[in-house]
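So the chains spell out like this:
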Amino acid sequence: MSDHHLAGDHHPSPASTATTALGTLLLLPSELLHEILIRLALPELLRVRSVARPLSHLISSPDFRRLYHLSSVSSGPAPAAAWLLIFKKLPPRGAALRGFHGPSGRWFRIPVSDIISPAVPPGEDLYFLAASGSSFLFAANGRRELVVVDLSAQSARRLPPSPLGPRGTSSWRRFGLKLVADPPGSNRFRFLFAELVNNRPFLFEYQSDTDMWQSSEAVLAHGPSAPAGPDGTYLCAAHAGPDCVMVYSGPGVDRPVFFRPRFPHNPNAGGHGDRLHVYGDGSAVVVRSTVVDEPSRTRVKVVAGVDLYGFGPEVGGDWQLVSSVPGELIQGFKKPYAVMTGLLAEREGVIRLILISNCRGAWDLVWLSYDPAGAEWRWVPVPDWGGVKGLNMAGIAVSSTFSRLWPPAPAICH
């Protein structure tokens, strides 16, 4: 499946055709026009906004923006509430960021590479770390620094070195970092990461408002104590299979705390088998797999079960089994794989799991979401955009705030 251009790319069409179609659209009642527009994916909406001034004023109005935001957030576990973002390296030295929008079932090209080029030298080895709102964070391996792209302002800038000094792409651990638009919907952000320094857990935080870093050593939480706040942040400072060091900061504690949660016995887990542990936003997923006997020499496995774990209301407790993916749902994406990794993120109260696997050079993506309020799992099929074979992926992220992105009109009207 081919991808589609994000608004901002110019695609000329016959003026008479565009004028006729626009005139028919503007004759519709405003209530019906609103209903049509809020069903569009953000890239399509921004493209429509660039067609003519009446639509630009309508889509940019505070009332419509509020309506579109509410529609996006209220979609719950549906894929409309989140975007799957993948950064792919292209030969010889190019790169492209793709965003998958579930309701439309399509991939969109996000024009980040052109924006970031003035901030990094040609041929720089980039890795995509995280996204929130209009901010996209990259690690530059050659210069060993962080670069943030502001899609709404069509700009890019380098961040000052963290207190740990210059870091290459291999130093950043996905389970231990988080990018937060603060306040939501703005182009201001906070970037947090947890790390063991001399075997002691530290929390590092960068604030775009001050362009400065802060660091705090976490103290040991002596068992479940203070209640975790809804705006608290859990980061995994270190992990080795089921063993991990979690760092919490936010409401309920005066300074960051750390603890080493243990997994309970799961009677549904069966035998030992292979286990993949994925951590993110105060949750953990254990992917259980079994080996498949095939005549080829490649050792392949298939997913046998997926278990979701979380914490109780107090900071410092052990993992608790929350839910397991139903077996009939697993059958829908049960494919042989040789290697697998994952991404786990909680956005707008919904937990999303991305599993990336490879088998004989072919990549596969599985997108699962879990709604705690309804105790419901969903599988979102992700189509190929025509580039999964031999995919040279350099970063993946999930963002639920991408649909709140509103570039100023001059940035998309070419």
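Residues numbered from 1 in each chain as written. Predicted model: local features only at pLDDT ≥ 70, side-chain atom pairs only at ≥ 80, totals over all residues. Heavy atoms only, no water.

Undergrad: Even after reading the chapter, I still don't get the overall build of the chain, so can you show me in this structure?
TA: Scanning the chain from terminus to terminus reveals eight helices and 25 strands. With 414 residues in all, the chain has 50% of them scored as buried. Residue pairs in contact within the chain that sit at least 24 positions apart in sequence constitute 56% of those at least 6 positions apart. Accessible area for the chain stands at about 18,900 Å²; split by element, carbon and sulfur atoms hold 54% of it. (Helix = DSSP H or I, 4+ residues; strand = E, 2+ residues; numbered from the N terminus. Buried < 20%, exposed > 50% of the residue type's maximum accessible area, 1.4 Å probe, protein only. Contact = heavy atoms within 4.5 Å. Areas by Shrake-Rupley, 256 points an atom, 1.4 Å probe, with all protein chains shown as cover.)

Undergrad: Teacher, can you tell me more about the packing of aromatic side chains here?
TA: The description of an aromatic ring pair rests on the distance of the ring centres and on the angle between the ring planes. Under the criterion given, the structure shown has 26 aromatic pairs. Geometrically, the ring pair formed by Trp172 and Phe193 is edge-to-face, given 4.9 Å between the ring centres and 80 degrees between the ring planes. Of the two residues, Trp172 is situated in the loop between β8 (155–158) and β9 (177–181) and Phe193 in strand β10 (residues 189–197); the sequence distance between them amounts to 21 residues. What makes Trp172 buried here is its relative accessible area of 10%. Seen in terms of ring centroids, Phe202 and Phe204 are 6.1 Å apart; in terms of plane orientation they differ by 20 degrees. Their pairing is stacked. With respect to burial, Phe202 and Phe204 carry one shared label: buried. Through pairs of rings, three or more aromatic residues link up here, namely Phe175, Tyr234, Tyr248, Phe259, Phe263, Tyr279, Tyr309, Phe311 and Trp319. In this arrangement the basic side chain of Arg167 is found over the ring face of Trp172, its NZ or CZ atom lying 4.4 Å from the centre. (Phe/Tyr/Trp six-rings, centres within 6.5 Å; stacked < 30°, edge-to-face > 60°. Lys NZ or Arg CZ within 6 Å of the ring centre and 35° of its normal.)

Undergrad: How do you make sense of helix α2 (residues 30–37) when you look at a structure like this?
TA: Because the α-helix completes a turn every 3.6 residues, residues three or four places apart line up on one side. Where α2 is concerned, the buried positions are Leu33, His34 and Leu37. Seen along its axis, α2 keeps its buried residues to an arc of 100 degrees; they face one direction. (Arc of directions from axis to C-beta.)

Undergrad: In this structure, what is going on with the nonpolar core? I would like to understand it.
TA: If you look at soluble globular proteins, the nonpolar side chains tend to sit buried side by side. Counting residues in hydrophobic clusters, the biggest one holds 38 residues, and the most contacted among them are Met246, Val285, Val303, Trp319, Leu353 and Leu368. Here Met246 is in contact with Tyr234, Leu235, Cys236, Val257, Phe258, Phe259, Pro261, Phe311 and Trp319, once residues within four sequence places are set aside. Residues Leu46, Leu55, Leu85 and Val149 belong to the second largest nonpolar core, which totals 34 residues. (Core = buried A, V, L, I, M, F, W, Y, C linked by side-chain atoms within 4.5 Å.)

Undergrad: How do you make sense of the pattern of salt bridges when you look at a structure like this?
TA: Should their charged atoms come close, side chains of opposite charge can pair. Counting across every chain of the model gives 16 salt bridges. Residue Lys178 pairs with Asp281 through a salt bridge whose shortest N-O separation is 2.9 Å. Within this pair, whereas Lys178 is found in strand β9, its partner Asp281 is found in the loop between β17 (274–280) and β18 (283–292), the two being separated by 103 residues in sequence. By relative accessible area, Lys178 is classed as buried at 15%. Here Asp274 and Lys301 are joined by a salt bridge, their closest N and O atoms 3.4 Å apart. Of this pair, Asp274 sits in strand β17 while Lys301 sits in strand β19 (residues 300–310); the two residues are 27 residues apart in sequence, bridging distant segments of the chain. According to the relative accessible area criterion, Asp274 is partly exposed, its value standing at 25%. The class for Lys301 is buried, based on a relative accessible area of 12%. One salt-bridge network, held together by shared partners, links Arg143, Glu145 and Arg158. (Salt bridge = Lys/Arg side-chain N within 4 Å of Asp/Glu carboxyl O.)

Undergrad: Would you mind going over unusual backbone geometry with me for this structure?
TA: Residues apart from glycine generally show negative phi values, whereas peptide bonds are mostly found in trans. You will see that Asn198, though not glycine, has its phi angle at about 55 degrees, which is positive. Tracing the backbone through its elements, the reader meets Asn198 in the loop between β10 and β11 (200–207). The exposure class assigned to Asn198 is exposed, which follows from its relative accessible area of 68%. A positive phi angle is found at Asp211, which is not glycine, with a value near 55 degrees. Examined against the element boundaries, Asp211 turns out to sit in the loop between β11 and β12 (212–217).

Undergrad: Is there a simple way to explain the sheet that holds strand β13 (residues 219–220) in this structure?
TA: Note: strands within a sheet are paired through backbone hydrogen bonds, in either parallel or antiparallel orientation. Spatially, β13-β16-β15-β14 is the arrangement adopted by the four strands of the open sheet, whose pairing is mixed. Every interior strand has two partners, whereas the edge strands, β13 and β14 (233–240), have only one. (Pairing = 2+ DSSP bridges.)

Undergrad: Got a minute to help me understand the packing of helix α3 (residues 42–49) against helix α4 (residues 53–60) in this structure?
TA: The angle between the axes and the distance between the axes are what describe a pair of packed helices. It is the contact of α3 with α4, at a shortest axis distance of 8 Å, that shows an interaxial angle of 135 degrees. In this view, α3 runs oblique relative to α4, as classed from their interaxial angle. In this structure, α3 contributes Leu45, Val48 and Arg49 to the contact, and α4 contributes Leu55, Ser56, Ile59 and Ser60. A class-by-class count of the residues in the contact of α3 with α4 yields four nonpolar, two polar and one charged. (Axes fitted to C-alpha atoms, helices over the stretch in contact; angles between N-to-C directions. Parallel < 35°, antiparallel > 145°, perpendicular 65-115°, else oblique. Nonpolar A, V, L, I, M, F, W, Y, C, P; charged D, E, K, R; others polar.)

Undergrad: Would you take a moment to explain the sheet that holds strand β6 (residues 135–140) for this structure?
TA: A sheet is described by the order of its strands in space; here four strands give the open sequence β5-β6-β7-β8, paired in antiparallel fashion. At either margin of the open sheet sits one strand with a lone partner, and together these are β5 (126–132) and β8. For this sheet the average axis-to-axis angle between neighbouring strands, irrespective of direction, equals 25 degrees. Here strand β7 (residues 145–150) runs beside β8; their pairing, made up of four bridges, is antiparallel. For Val148, the partnering residue across the bridge sits in β8 and is Arg157.

Undergrad: Where do I start with the packing of α2 against α4 in this structure?
TA: One way to put it is that α2 packs onto α4 with a least axis distance of 12 Å and a crossing angle of 75 degrees. Considered as vectors, α2 and α4 are oriented roughly perpendicular to each other. Residues Leu33, His34 and Leu37 of α2 form the contact with α4, whose own contacting residues are Leu55, Leu58 and Ile59. A breakdown of the residues in the contact of α2 with α4 according to their chemical character gives five nonpolar, one polar and no charged.

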